[in-house]
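# Chain and residue survey
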Amino acid sequence: MRRLYPPFAQPTAPSVTAREDGNTVPAPAPADAADAADREWSLDELAEAYAYPAADDPVRAGRTGWLRANMVSSMDGAAHHEGRSQPLSGAADMRIFGVLRGLADAVVVGAETVRQEGYRPARAREAFTARRTAAGQGPAPAIAVVTAGLGLDFTLPLFTEPLVPTVVLTGAGAPSDRVAEARAAGAEVLFAGEGLGVDPARVTAVLAERGHTRLLTEGGPSLLGQFAAADALDEMCLSLAPVVAVGAAPRIMYGPVVAVPERFALAAVLEEAGFLFTRYRRSRQ
């Protein structure tokens, strides 16, 4: 893996360091020059590269939490192949996927994606134990499922075997019998809307009330489109896969048309094996 953006500073002339014997040796390369070399990054290095902005960072002004998305897309814009994202992924993409989960308080995902991708509870990973403990986080992120009708199988491991209780996000008008069944299965049901479904603009604040301020959404495209249209998306981590999928798969977002396209600013680009791992943040201009 190598960093393509932001670029590292190129020295204007070869640097040397004087030794005690009067001779000189080449000076060490700038610390960030190592990022430009094609090498395998450690999980700690990736965690630093994808760290959430601090609570007092100006970029978070006026935001109750930070909602970042992680999606993969083919070169021709497909968000999945035959209903699943795995065929578009690769080893580096899965490492970053794991790091983003390792940093999050909660993973927000749509009910259809839960069904299509066969979601299971997030697991604790030793590589992130110290980092999560220092940040006051639990052993693993909670999975927060966004659903209107609660058409979920509450006997699945996602609800029966999580390290931390799975969250069900729905509207106050959701079927009361399904809400009761979800709670009986051990899920924490939170209302983020007045009607049947969820108001995407309220999700971040509702989860923040439970202490979940570092949020990661993995889609699918419909949910991600709703977050973007509601001005709720703070950051986009997009993996561009060097594959062509063709077919009729949707792009990474679809949903309501926004009156004015929102601009995001490029924060970083990494590359490995032809994959481009981009990170964009909401532009404040």
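The structure reproduced in this document is the subject of the present report. Values in this document were obtained by computation on a predicted structure and should not be read as measured data.

What follows concerns the sheet that holds strand β8 (residues 188-191). Pairing within the open sheet is mixed, and its 10 strands lie in the order β1-β11-β12-β10-β4-β9-β5-β6-β7-β8. The strands lining the two open edges of the sheet, one partner per strand, are β1 (2-5) and β8. For this sheet the average axis-to-axis angle between neighbouring strands, irrespective of direction, equals 25°. Judged from the 4 bridges that link them, strand β4 (residues 66-73) and strand β9 (residues 214-217) form a sheet pairing that is parallel. Each bridged residue has a counterpart across the sheet, and for alanine 69 the counterpart in β9 is threonine 217.

Glancing now at the pattern of salt bridges. This model, assessed by the stated rule, comprises 20 salt bridges. Of the charged contacts in the structure, one is a salt bridge between arginine 39 and glutamate 45, with a shortest N-O distance of 3.0 Å. Of the residues examined, glutamate 45 reaches a relative accessible area of 29% and is grouped as partly exposed. Notably, a salt bridge pairs glutamate 117 with arginine 84, separated by 4.0 Å at the nearest N-O pair. Taken as a pair, glutamate 117 in helix α3 (residues 111-117) and arginine 84 in the loop between β4 and α2 (91-103) lie far apart in primary sequence, 33 residues in all. Since its relative accessible area comes to 38%, arginine 84 is described here as partly exposed. A single salt-bridge network, built from bridges that share partners, covers Arg63, Asp231, Asp234, Glu262 and Arg282.

Let us now look at the nonpolar core. One broad rule of soluble globular proteins: the nonpolar side chains tend to lie buried together. In this structure, Met1, Leu46, Tyr50, Ile143, Val145 and Phe277 are the most contacted members of the largest nonpolar core, which totals 45 residues. No other element matches the 5 residues that α2 contributes to this core. Not counting residues up to four positions away in its chain, the partners in contact with tyrosine 50 are Arg68, Ile96, Leu100, Leu103, Cys237, Leu270, Phe277 and Arg279. Ala79, Val198, Leu215 and Phe227 belong to the second-largest nonpolar core, a separate cluster that totals 26 residues.

Conventions we followed
Residues numbered from 1 in each chain as written. Predicted model: local features only at pLDDT ≥ 70, side-chain atom pairs only at ≥ 80, totals over all residues. Heavy atoms only, no water. Pairing = 2+ DSSP bridges. Helix = DSSP H or I, 4+ residues; strand = E, 2+ residues; numbered from the N terminus. Axes fitted to C-alpha atoms, helices over the stretch in contact; angles between N-to-C directions. Salt bridge = Lys/Arg side-chain N within 4 Å of Asp/Glu carboxyl O. Buried < 20%, exposed > 50% of the residue type's maximum accessible area, 1.4 Å probe, protein only. Core = buried A, V, L, I, M, F, W, Y, C linked by side-chain atoms within 4.5 Å. Contact = heavy atoms within 4.5 Å.

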